[in-house]
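Given next are the chains, with one letter for each unit.
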Amino acid sequence: ENWSEVEDPGESQLAFQAQHDPLTGLPNRGLFIDLITGALARLSSNTSAMALLAIDLDHFAESATRVGDRSGDYSGDEILIEVARRLDTSLRMRSGTTRPHDAVGHLGGDRFLVICEGVADTDAAEIVATRIAARVGAPMHLAGESLSMTAGIGIALTRDPGRNPEPLIREAEAAVRRAKQRGIGRHETFTGAMRAQRLRRIADEVALREALVRSEEHTSELQSHHD
């Protein structure tokens with residue numbers, strides 16, 4: 001037997017650890033970007049859209065403190081593990097079928113991402129968000145505490161297989177920030193108006209940086225004249 005051809009179980013374990021969050025076992029950001037790339041590639045073969053949902057728990061620190069007051073663990077890890085399990089279950093129950101390409105990722109802290117393929121339109125994506133919110137919001141019993149968590153959910157929708165995963169993530173995260181500004185337990189879909197607003201903000205930041213550079217160059221020129 002050629003031992004060089006036998007996969008080292010330690011290597012496969014290391015590969016898994018490099019691509020998954022150590023707490024929840026869900027794909028981390030690096031692997032999730034690969035999963036988005038795969039989902040985008042599959043868009044060309046059907047007419048439906050892909051939805052990317054950013055999920056951010058409301059008042060996570062306060063909830064972690066409540067559990068910690070009983071258990072002594074203020075990290076909130078138990079809450080995150082339970083939310084991860086519920087998100088995974090929610091996707092498996094979507095439309096009453098298993099959808100092998102739908103996926104949940106954990107970006108760290110109380111931030112999660114969800115890919116939903118085969119979404120008809122914005123309304124359908126918002127139905128998925130509502131169902132996820134209901135599953136996350138069902139009472140959870142941890143360390144003798146009964147918690148009812150809520151989450152802000154941001155939705156980015158695309159039918160374009162040529163999209164880049166990173167801007168798509170930023171759009172979903174911009175939408176979740178808008179949702180959380182409106183209150184707890186809200187969801188928001190990224191719109192053309194939000195895109196225009198984001199582009200204006202980026203342009204303003206670039207203009208500000210350029211103005212600062214020019215100001216610094218002008219100051220150094222004045223100093224050199226004085227010298």
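These remarks concern the structure in this document. Since we're looking at a predicted model, the values are computed, not measured. (Residues numbered from 1 in each chain as written. Predicted model: local features only at pLDDT ≥ 70, side-chain atom pairs only at ≥ 80, totals over all residues. Heavy atoms only, no water.)

## Describing the pattern of salt bridges
- For the coordinates displayed, the defined rule picks out eleven salt bridges.
- Residue Lys-180 is joined to Asp-56 by a salt bridge in which the shortest nitrogen-to-oxygen separation is 3.9 Å. Taken together, the residues span a long stretch of sequence, with Lys-180 in helix H6 (residues 165-182) and Asp-56 in strand E1 (residues 49-57) at a distance of 124 residues.
- The class for Lys-180 is partly exposed, based on a relative accessible area of 30%.
- Between Glu-171 and Arg-163 there is a salt bridge; the shortest N-O distance is 2.9 Å. An identical accessibility class is assigned to Glu-171 and Arg-163; each is buried.
- It is possible to trace a salt-bridge network through shared partners that takes in Asp-56, Asp-58 and Lys-180. (Salt bridge = Lys/Arg side-chain N within 4 Å of Asp/Glu carboxyl O. Helix = DSSP H or I, 4+ residues; strand = E, 2+ residues; numbered from the N terminus. Buried < 20%, exposed > 50% of the residue type's maximum accessible area, 1.4 Å probe, protein only.)

## Here's the deal with the side chain of Thr-24
- In this structure, Thr-24 sits in the loop between helix H1 (9-19) and helix H2 (29-42).
- Judged by relative accessible area, which is 18%, Thr-24 ranks as buried.
- Within the structure, the side chain of Thr-24 is placed 2.7 Å from the side chain of Asp-21, a separation counted as a polar contact.
- There is a polar contact of 3.2 Å between the side chain of Thr-24 and the backbone nitrogen of Leu-26.
- Excluding its chain neighbours within four sequence positions, the residues that come into contact with Thr-24 are Leu-80, Ile-81, Ala-84 and His-106. (Polar contact = N/O pair within 3.5 Å; in protein donor to acceptor, adjacent residues only side chain to side chain. Contact = heavy atoms within 4.5 Å.)

## Section: the packing of helix H4 (residues 77-92) against helix H5 (residues 122-137)
- At a closest axis distance of 9 Å, the pairing of H4 and H5 adopts a crossing angle of 140°. As the angle between them shows, H4 and H5 are arranged oblique. The handedness of the crossing between H4 and H5 is right-handed. Here H4 contributes Val-83, Arg-86, Leu-87, Thr-89 and Ser-90 to the contact with H5, which in turn contributes Arg-131, Ile-132, Arg-135, Val-136 and Gly-137.
- Considered class by class, the residues forming the contact of H4 with H5 number four nonpolar, three polar and three charged. (Axes fitted to C-alpha atoms, helices over the stretch in contact; angles between N-to-C directions. Parallel < 35°, antiparallel > 145°, perpendicular 65-115°, else oblique. Left-handed = near helix turned anticlockwise from the far one by under 90°. Nonpolar A, V, L, I, M, F, W, Y, C, P; charged D, E, K, R; others polar.)

## Things to note about the side chain of Asn-28
- With respect to the helices and strands, Asn-28 occurs in the loop between H1 and H2.
- Within the structure, Asn-28 has its side chain in polar contact with the backbone nitrogen of Gly-30 (distance 3.2 Å).

## Some details on the sheet that holds E1
- Here five strands make up an open sheet; going across it, the order is E2-E3-E1-E6-E7 and the pairing mixed. Each of the sheet's edge strands pairs with one partner strand only, and the pair in question is strand E2 (103-108) and strand E7 (187-189). With strand direction ignored, the average angle separating the axes of adjacent strands in the sheet is 20°.
- Examined bridge by bridge, E1 and strand E6 (residues 151-158) share eight bridges and lie antiparallel to one another. Residue pairing in the sheet places Leu-53 in a bridge with Ile-155 of E6.
- On top of the sheet, H6 reaches E1, E2, strand E3 (111-119), E6 and E7; it is set at about 140° to E6, its chief contact. (Pairing = 2+ DSSP bridges.)

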